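What follows is the residue order along each chain.
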2 protein chains.
Amino acid sequence: MAQAIRLRQASSPLKASCHTCSLSNLCLPLAVEENDLERLEDIVQQGRIFNRGEHIFDQSTPFRSCFAVRSGSIKTSIITENGEEQVTGFFMPGELVGLDSMSSENYACTAKALERTSVCEFPIEKLEELTGKLPELQHHMYHLMSQEIQNSHQLAMLLSKNTAEERIAALLLSLSSRFQRRRMSGTNFSLPMARNDIANFLGLAVETVSRVFTRFQNQGVIKARGREVELLDVEALQMVSREFSRQGGQ
Amino acid sequence: MAQAIRLRQASSPLKASCHTCSLSNLCLPLAVEENDLERLEDIVQQGRIFNRGEHIFDQSTPFRSCFAVRSGSIKTSIITENGEEQVTGFFMPGELVGLDSMSSENYACTAKALERTSVCEFPIEKLEELTGKLPELQHHMYHLMSQEIQNSHQLAMLLSKNTAEERIAALLLSLSSRFQRRRMSGTNFSLPMARNDIANFLGLAVETVSRVFTRFQNQGVIKARGREVELLDVEALQMVSREFSRQGGQ
DNA sequence: CGTTGTATTGAATTGTCTCAACGATAGTGG
DNA sequence: CCACTATCGTTGAGACAATTCAATACAACG
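Since this is a predicted model, take the numbers as computed values, not measurements.

**Student:** Is there a simple way to explain the interface of chain A and chain B in this structure?
**Tutor:** Taken residue by residue, the interface counts 42 residues in chain A and 43 residues in chain B. In total, chain A and chain B occlude about 4000 Å² of area from one another, counting both sides; carbon and sulfur atoms represent 56% of this. The largest per-residue losses of area from chain A upon contact with chain B belong to A:Tyr142, A:Ile149 and A:His153, which jointly make up 16% of the total buried on that side. At the junction of chain A with chain B, the criterion picks out 0 salt bridges. Taken together, chain A and chain B are joined by 27 residue pairs in polar contact (both at pLDDT 80 or more). Put simply, the parts of the chain that give the side of chain A that touches chain B at least two residues each are β5 (85-91), α3 (124-133) and α4 (135-161) of chain A. Top element by residues in the side of chain A that touches chain B is α4(A). It accounts for 19 residues. Classifying every residue of the side of chain A that touches chain B by side-chain character gives 13 nonpolar, 21 polar and 8 charged.

Take a look at the structure:
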């Protein structure tokens, strides 16, 4: 008892304030009734900070928690038997990382901070227990996981049918809309990831990514300097990204 | 009351017998305690049969149910804005279709029977309700969805980094192991899908698929006649499928 | 001011696609 | 049972997008 009180007090300063979190409309709290929010907050460990390059978790280590990005950004990747890396996703604030590991004892991928990043941790047993009690939350979990499947299908589609230009246009637009969701500029942002990661993620050579960037720039569609990107002609990008199958019919 | 009894009686002959189903070790019953199995059986609609080419459900129609394949096989695909088709998966007996639609009002893809196919239907509201009551079942749902995410990542990887030969070898091995799971021959089976579907799924041209098949055949790795396939040298296929990155190192 | 990692640019190579023709197979109706 | 037709699968030759290899430019950092 006394211990319970002590714990509660001790964790109080660290305890999540989903109530006040600006991302609550994107993250798990979205699904939770105001009066149940405390129960979610009770299981969250909040405020862990990772520096650029640090691992949030590692492939093949015991799967314990899912993580919500609070600020910064994360890349997930799989290391194959050959030692090759495959980037499987980029995660921005409000997005949940680790859903692909819920089928195994160990993490299915490695999550790495692309910049100084703060996360909220949801221990999986507690989360599962809670979703069993809160149907809305369970529904939301299904929703998120399903979304992840769809995203991955979209990616597979992009990789199997689209040209380098189309893939990069699609990525830029995806990032753009994700920035916008957070009420940041959708046309003027800085890429959290290196060219290398983009290339890997999109199944291209780094050189190709570079070439496409400059090609877009020459066409006046974007302005790029290193990681700093400005989308000058969003419509053109949209054209490009869905303009496969039709030949040249701009 | 009387109605309840009537319903129970009426549905009795159609009611699922997960108890006796040979696929219960792959499907949802896997996660359910013996004494809870009835509750799962209560929500299942079993025994719907579809002929080759018939749609189990259609993209953009209201999402109502997930389906477990009982016999036969299913392909799922997305139709893009351009009218292009993208095959997103093949489903064999014991596997669950529709998980990618749980984030939306409507089905995210179309499911089509590749041959005469029998399915069990799980209405989604009832399923969600039940998973809220049976933690093991909830866990299993998370497991399946997570698996689906991983599969899709694997596919993305295959599409982005591997050659035509590697992709096809991987597909053949995947099918092989899925046949084996059902205690069927893993080296001698007939492909449920057309070359066209294989090509679409793997992001290749039909011609390329054809060429690789004959190449494998000339190398004595497989024997193929139409959809009938025999894997003559499984190890060679395994070599091929994971032998990217290393150059020429047979 | 080198050093290291990251990004860009160029030239040559190649795997896969496209286009096109042909063969095989299955289903249909006379 | 045999054409007839449609669909599916195979094979060949040329084109092209992206890769690979190689060199250079740029930025951050101790």
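**Student:** Sorry if this is basic, but what is going on with the protein's contact with DNA strand C here?
**Tutor:** If you check the shell around DNA strand C, you find 15 residues, and the closest are A:Arg195, A:Ser210, A:Thr214, B:Ala164 and B:Thr208. Within 4 Å of the protein, the contacting atoms of DNA strand C are drawn from sugar and phosphate to the extent of 58%. At 3.4 Å, a side-chain N or O of A:Thr214 approaches a phosphate oxygen of DNA strand C. Mapped by element, the contributors of at least two residues to the surface near DNA strand C are α6 (195-202) and α7 (206-218) of chain A together with α7 (206-218) of chain B. The element contributing the most residues to the surface near DNA strand C is α7(A), with 4 residues. Split by residue class, the surface near DNA strand C holds 4 nonpolar, 6 polar and 5 charged.

**Student:** Quick question: what am I supposed to make of the packing of aromatic side chains here?
**Tutor:** Two aromatic rings are characterised by how far apart their centres lie and by the angle between their planes. Residue and element names in this part refer to chain A. Overall, the coordinates contain 11 aromatic pairs over all chains when judged by the stated rule. Here the aromatic residues Phe 57, Phe 63, Phe 67 and Tyr 107 are joined through ring pairs into a cluster of three or more. Over the ring of Phe 213 we find Arg 195; its NZ or CZ atom is 4.4 Å from the centre of that ring.

**Student:** What should I look at first to understand the sheet that holds strand β11 (residues 228-231) of chain B in this one?
**Tutor:** Strand pairing in a sheet takes place through backbone hydrogen bonds and is either antiparallel or parallel in direction. Residues and elements named next belong to chain B. Read from one edge to the other, the open sheet built from 3 strands follows the order β9-β11-β10, with strand pairing classed as antiparallel. Two strands close off the open sheet at either side, each with one partner strand: β9 (188-190) and β10 (222-225). In this sheet, neighbouring strand axes are inclined to one another by 15° on average, regardless of whether the strands run parallel or antiparallel. Pairing analysis gives 4 bridges linking β10 to β11, with the strands arranged antiparallel. Residue pairing in the sheet places Ala 224 in a bridge with Val 229 of β11. This element, α7, spans β10 and β11 of the sheet and lies at about 130° to β10.

About the criteria used
- Residues numbered from 1 in each chain as written.
- Chains lettered and ligands numbered in written order.
- Predicted model: local features only at pLDDT ≥ 70, side-chain atom pairs only at ≥ 80, totals over all residues.
- Heavy atoms only, no water.
- Contact = heavy atoms within 4.5 Å.
- Buried area = accessible area lost by both parts, 1.4 Å probe.
- Salt bridge = Lys/Arg side-chain N within 4 Å of Asp/Glu carboxyl O.
- Polar contact = N/O pair within 3.5 Å; in protein donor to acceptor, adjacent residues only side chain to side chain.
- Helix = DSSP H or I, 4+ residues; strand = E, 2+ residues; numbered from the N terminus.
- Nonpolar A, V, L, I, M, F, W, Y, C, P; charged D, E, K, R; others polar.
- Near = heavy atom within 4 Å.
- Phe/Tyr/Trp six-rings, centres within 6.5 Å; stacked < 30°, edge-to-face > 60°.
- Lys NZ or Arg CZ within 6 Å of the ring centre and 35° of its normal.
- Pairing = 2+ DSSP bridges.
- Axes fitted to C-alpha atoms, helices over the stretch in contact; angles between N-to-C directions.

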